[in-house]
Each structure stands twice: as C-alpha cells, then as structure tokens.
There are 2 protein chains.
Amino acid sequence: MKGISIKDIAKQAGVSPTTVSFVLNGKAKEKRISEQVSKKILKLAAKLKYKPNQLARGLRTGKTKTIGLIVEDIANNFFANVAKIVEEEADKFGYKVLYGSTEDNLAKAKGLLEVLEYRQVDGYIITPTPNLDKEIEMLKNARKPMVLMDRYLPQIPTNYVMVDNFQGGYDVAEYLLKLGYSKIALVTTTSEQIQMKERLNGFTAAMKAHQANFPRKMLKKIPFSGTREQAVDQISDFIKTIPDLDAIFFATNYLGVYGIESIKQLGMTIGEDIALVSFDDHDLFRLHTPSITCVAQPIHDIARNLIQVLMNELNDNNHQLNQVVLPATLIKRESCSKRVKVVAG
Amino acid sequence: MKGISIKDIAKQAGVSPTTVSFVLNGKAKEKRISEQVSKKILKLAAKLKYKPNQLARGLRTGKTKTIGLIVEDIANNFFANVAKIVEEEADKFGYKVLYGSTEDNLAKAKGLLEVLEYRQVDGYIITPTPNLDKEIEMLKNARKPMVLMDRYLPQIPTNYVMVDNFQGGYDVAEYLLKLGYSKIALVTTTSEQIQMKERLNGFTAAMKAHQANFPRKMLKKIPFSGTREQAVDQISDFIKTIPDLDAIFFATNYLGVYGIESIKQLGMTIGEDIALVSFDDHDLFRLHTPSITCVAQPIHDIARNLIQVLMNELNDNNHQLNQVVLPATLIKRESCSKRVKVVAG
DNA sequence: CTGAAAGCGCTTACAG
DNA sequence: CTGAAAGCGCTTACAG
C-alpha cells in the first residue's frame, strides 16, 4: 500500500518536488509559481488523491499536529464529555488527540507523559495528579504548549481552564441554609488537590458567613483508590455517625453517585430523610427520583477554552498566561425540597 | 528541545549508528555484537535518556504503533468504558489510540477514516455507521488490520467482536412473559443496523416461541439524529397510544434513559404502572428508584477481545477471520417486579 | 563482529 | 519563476 508521494506528482507534472511542495502548501503566490503550473499540480494532486505523509512532514518540521489529553478517567461522565468536545474542537484546527487516564495515580501520569513525549505531541492538556509538579515544571521550562484542566498546581504558574470551585461550594452551602437545613455534612476526597480544597473552602466560607456550624465531624474524606463498595460503605458508616444529619453535599460526581447508593442501602429516602447535593451534573442526577440538585460545570465552555488557550500557545508562542475560571451553575432539583423554611436574618 | 539521537550515542560510544540501532532494537545477539559494546551502548542510552524518534522510525518502517478507534459516541457510557479498556490493553502492546465519534453519521465516519489513514494508523477498531460498506471493503482489500465492534456489516466478512444481541433480546421477552406481562412494547432506533435488528429479532422470536402477541403497533423506532427532547416526546406519545401497555423494552442505553424521562413526564411510575427493561447497564439503571432491569454487555471482555483480535492481525497477518460473540447478561432489578405471576405452560 | 550508505517522504535555505 | 540538494532520525541490505 504505498501511497502516492510528492515525487509522483512532480514526475507527472514535469516539475520538481520543490515546486509541488510549495504549491501544495499554499506558497504558490509567495514563491511566485506560475498560475499554470500551480493549477496543474493542484489538479493532479486531487486526481491522485495525494495525502501528505504526516510522518515525513513531522520529521522535517518537528510538528505532529497531535495533542495529548490526560484525564483522570475517560469513563467518568465529566471527562468523557469534555474529551468529546476537545476532540471536535481540535479537529477544526487539524489536530488529533491522544488521550489517557491517570486514575489520579502519579505513576500512571508519568507514564502517560513519557509516551506523549515519545510520540512528539505538539501540546498538552493535562489533568494533573497529586505530586506531578516536577513533570509540569519540566514541560513548562521546555516551553511546551500546555494547559491544565479541572485543577492546577498552586506552586507553578501555568495556563489552566477551571470551573469556579469556590463559588460552587459557596452556593451549595448558602442554598441549603436558606432552605432551612442546618446539620449539613460534606463528603470529599482525601486528595489535597486544589479543586477539592476550593469546593470545601467555598462551602465553609458560606457556612461561616451565615453563622452556621460546621464542626470537623461533619466532614468526611474518601480515598480515590478504594473500590466502589468500600467507598459506599464508608459513606454509610459516616452518615450513621450523625443521627440528626439533614443534608449532605458530595464534592464530586462519583461520590454523589456512591452517596445515593449509600443512602439507599441505609433505607433512607433522599429529599425526605436527607437532602442531597452533588458537584457535577449527570443523567443519573437529572432522572433520579427524586431528581438530584447539583453544581453543573459548563462542559462545552471548558472544552472550547482548553483548545482556544492551547491553540494560542501553539501558534503565537504567546507567553502571557491564560488562566480561565468559568462559573458553576447550581441546578435546583427535588432532592432538597423537604422543608422550605426561611431562615431568620 | 532537540532530543538526543542515535548518532549522539554512536559518537559517545565510538561506534556507528548501525551498531547502536542493532543493540537498541534487541538484535545484538542476532547481529553478533560483542557483549562489551552492547553493554556500553545500553548504559549510555539509559544515561542520556534516549527516546527513539517515533516519526523517523515510522517513516522508515511504515509502522506508527498507533491504532484508530472509531466509536459512535465517546460520551456514551458504553463506548467510553470500552474505550478506556481498549486504551489500557493497547498500551500493554506499546500501541497508542487515536479516537473519534461518528454520531452514527456516515460523513463523519468517512472523515475520521480519512484522518486515520492520513495519520497512518497501523490498525482500526471501527463501530461502523450505516452505509459504510464501501470504506470497510476498501480497508479490507488493502489488508489493513481491522476489527469491527458493536455491530458488523452482514455483506462483508470481517473480524468483529460483538455481544449476542439476539440472545439479549430473547431473554428480555422471555423474562417479561414469565413474570406475567403480556402487552409488551419495544422501542428501538430507526437504524437498520445489525445489532438493533438482532435485538428485535431475538425479542420477537421469544414472543413467538411463547405464543405471545407482538403487533406492529407495539414497536416504535426513534431516529438517532433528533434531540433528546424530541426523542423523549416521541416516546411519550408512543406510550400514550397504547393504553393497556404493561411493559416496555428499550433496545439501547440512551433510549432507556430517554424512556425513564418520558415515563416520569407522563406521571407514571416504573415498576407500578409499567415495567421497564433497557439494553446496556448504566449507573442510572442500577441506582434508579426503582432500579432498572437491563441486559448488560461484558465490557471488559469486549475490549480485551478487540485488542486481542487486532494484535493477531498486526503480528501474524493472520488471515483467518475472528468473529467473537460474547454472551449478554440479563440483570434482574426492581423495574419489572409489579406482578409476579406464573404463566401457564 | 562492525560500518558506510541508501532511503523512508517531506520542507526549505540557497542558488540561479 | 523554478530546481538541486541537504537533512529530519531512524532501519536495514550489503559488504567486509
């Protein structure tokens, strides 16, 4: 299956490969190739269905027109949706996407970065795992086009595209308090990553602003590494320790899903016995009975901004940082509708 | 950022690039390179963190160690999960995955195939859209390593990995009939694709085998192309036309999700007013109240088989067809538990 | 046991 | 207005 090459066209057109290359790369004008020759070459290329060999081009130019996308888990709703749009947007600029999932595991992330370097991707979209600082620093020093997503590393100034996690957390607490809930728990991950911290910070800031109590025992952290069953059990156990609990906020989508499972397991009814809010939207949340209140991320905007920022880097080698923070949206549903009191003050 | 090349190592080791290449490609023995030289080169490569330039290698060998994965929709639960495992499995063999979503649209599929050819992927995993026959035929004739997933093209013998759709459909009908349901509707897509046909065929075969009625008006086909809202409305309208309907089977996951929405919209209660079964499993089905009975596909097995079959092709240029059909599993949940009668016979 | 040389298919600086 | 030539970093047939 040898494809047809620039040489073949050159031979048939009776010109040199150089001329063909110029014409095919749109440099006919610039290189002052005659209209005739130019047209002949273009026609021939179309007729022969010429497709430039990307490897050869890449070897010569050092560009592969490929970007690497590192997500936490491509099977997770949020990341799958972002990945899909990233791919579509990248395609508009002629870029293809190589992706991989870290499972939030440092070793996996390092492995993926190595493969992507090896593959000579032109740019990176990275969901950093904990302790990936050194690798990010290296990419940055090498001036590789790069943008972080979902979270960033506070010690290293880089491009990133994020949702406003603080505001998301704040809105949830405020909303629950206004509805009259007072014993509110928060379930998050053990990870110290900035996005989870900010959700917690926003939440506690709102509690404080409204003079609500949020003692340490109302906060539960679940490790990413465990199995689903373990996580569900841990959440169940946690809920049991707080007998008068009346609302619970899960700081990320999969924890929200686990939480629903835990509550079901305990024989409690969401919206009746306990109010529930989760970060991230999900079909499950929309269609659950009762439907689940959540903080939705603007997935399209996130993906579009990621590509936008990366393309800026790729083209201009723009050295101004682009740090995009997009608003989160509280979507009010039935899971918090038991008692609608107005709080004094 | 020029990487270090085989030449650099050769210079430092005081040997030729040829020797370095042999050693690094594990041909030291075969080419009878001395132990000493071999060791020196290996050490040097490790010390300099040599990474072969894949472009140059690919240009020379014609292999990119990349496979193309074409799915219907990477944001769909089923495909996202398969994609994740495909990527992990491919990685074990040193292959990376380029992916794209067709939205079941022929033009998009053609576009993706063109890009993948352009990118010189070594092999293809394809979820064919309708009317993709010509392109698949061409790949086949070009003897490109290829395996189809989720469906195949009956007119073209190719490798494929599928679930047993007929059996899945059969089991659902039989199960519902045994529970005592008799007015059972089926909602599928307008597509004439084999996987959807087989689910329908299995379903009708079971109905027939049990002398149950399945008139044409109990079958509804929804186009893939519409919006979610349109589909939900069409399903609602359909359900309304059959006043004594007592069970409904959705032949694919997203239709099942839409169906739940439709039924909710109509104010009916799943498991009480109507039994519901969907093809494919989903968090939503597992955690819905009531939980939703479904036909689960063996996602891990599917992904592993896909890579297995493709690797066979890639390595042996094995020309025997591999057509793998994996069993579907009926997962019984609460959505069909209203009346548990035993049918006579 | 090891090396010089050709060639994969492009792009581009240089020359005319 | 157009072309000859070098070179990107590998692999491999050929030679010794």
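Residues numbered from 1 in each chain as written. Chains lettered and ligands numbered in written order. Predicted model: local features only at pLDDT ≥ 70, side-chain atom pairs only at ≥ 80, totals over all residues.

### Brief notes about the overall build of chain A
When its secondary structure is counted, chain A shows 13 helices and 12 strands. A compact globule built from 345 residues would reach a C-alpha radius of gyration of about 20 Å, whereas chain A, at 26 Å, exceeds it by more than 25%. Its C-alpha atoms give chain A principal-axis dimensions of about 85 × 40 × 40 Å. In chain A, which comprises 345 residues, the proportion classed as buried is 44%. Across chain A, every contact between residues at least 6 apart in sequence was considered, and the portion connecting residues at least 24 apart equals 69%. (Helix = DSSP H or I, 4+ residues; strand = E, 2+ residues; numbered from the N terminus. Rg over C-alpha atoms; globule rule 2.2 N^0.38 Å. Buried ≥ 20, exposed ≤ 12 C-beta atoms within 10 Å, placed from the backbone. Contact = placed C-beta atoms within 7 Å.)

### Digging into the packing of helix α1 (residues 6-13) of chain B against helix α3 (residues 35-47) of chain B
Between two packed helices, the angle of one axis relative to the other and the distance separating the axes together describe the packing. All names here are of chain B. Contact geometry of α1 with α3 gives a least axis separation of 10 Å together with a crossing angle of 125 degrees. It follows that α1 is oblique to α3 by the angle criterion. Of the two elements, α1 crosses α3, and the hand of that crossing is right-handed. Two secondary-structure elements touch here, α1 through Ile9, Gln12 and Ala13 and α3 through Lys40, Ile41, Leu44 and Ala45. For the contact of α1 with α3, the per-class residue count stands at 5 nonpolar, 1 polar and 1 charged. (Axes fitted to C-alpha atoms, helices over the stretch in contact; angles between N-to-C directions. Parallel < 35°, antiparallel > 145°, perpendicular 65-115°, else oblique. Left-handed = near helix turned anticlockwise from the far one by under 90°. Nonpolar A, V, L, I, M, F, W, Y, C, P; charged D, E, K, R; others polar.)

### Concerning the interface of chain B and chain A
Facing the 34 residues of chain B at the interface are 34 residues of chain A. Put simply, the parts of the chain that give the side of chain B that touches chain A at least two residues each are α4 (54-61), α5 (77-92), β2 (96-101), α6 (106-118), α11 (253-265) and α12 (283-287) of chain B. Across the side of chain B that touches chain A, the residue classes tally to 16 nonpolar, 9 polar and 9 charged.

### A short note on the protein's contact with DNA strand D
Residues in close proximity to DNA strand D total 27 residues, the closest being A:Val15, A:Ser16, B:Ile6, B:Asn53 and B:Ala56. Within the residue set of the surface near DNA strand D, elements represented by two or more residues are α2 (17-24) and α4 (54-61) of chain A together with α2 (17-24) and α4 of chain B. Here the surface near DNA strand D gets 5 residues from one element, more than from any other, and that element is α4(B). Residues that form the surface near DNA strand D fall into these classes: 11 nonpolar, 10 polar and 6 charged. (Near = placed C-beta within 6 Å.)

### Thoughts on the pairing of strand β7 (residues 219-222) of chain A
Here β7(A) shows a buried face lined by A:Lys220 and A:Ile222 and an unburied face lined by A:Leu219 and A:Lys221. Following the backbone out of strand β6 (residues 184-189) of chain A, through helix α9 (residues 194-209) of chain A and into the adjacent parallel β7(A), one traces a crossover that is right-handed. (Right-handed = clockwise from strand over helix to strand, strands pointing away.)

### As for the sheet that holds strand β6 (residues 184-189) of chain B
Residues and elements named next belong to chain B. Ordered by their spatial adjacency, 6 strands build an open sheet running β7-β6-β8-β9-β10-β12, and the pairing between neighbours is mixed. The open sheet terminates on both sides in strands that have one partner only, identified here as β7 (219-222) and β12 (329-331). The mean angle between the axes of side-by-side strands here comes to 20 degrees, regardless of whether they run parallel or antiparallel. Judged from the 4 bridges that link them, β6 and β7 form a sheet pairing that is parallel. Bridge pairing in β7 places Thr189 opposite Ile222. Across the sheet, α11 lies against β6, β7, β8 (247-250) and β9 (275-279), angled at about 155 degrees from β9, the strand it touches most. (Pairing = 2+ DSSP bridges.)

### A short note on the confidence of the model for chain A
As a note on interpretation, predicted positions should not be read in detail where pLDDT is low. Averaged over all residues, the pLDDT of chain A is 91; the fraction at 70 or higher stands at 97%. Considering only residues more than four positions removed or in separate chains, one finds that residues 340-345 of chain A, a stretch of pLDDT under 50, has 6 contacts. (pLDDT = per-residue confidence, 0-100.)

### Thoughts on the protein's contact with DNA strand C
As a matter of local geometry, DNA strand C sits amid 27 residues, with A:Ile6, A:Asn53, A:Ala56, B:Val15 and B:Ser16 nearest to it. Mapped onto the surface near DNA strand C, the elements with two or more residues apiece are α2 and α4 of chain A together with α2 and α4 of chain B. Counting residues per element, the surface near DNA strand C draws most heavily on α4(A), which supplies 5 residues. For the surface near DNA strand C, the class distribution of residues is 11 nonpolar, 10 polar and 6 charged.

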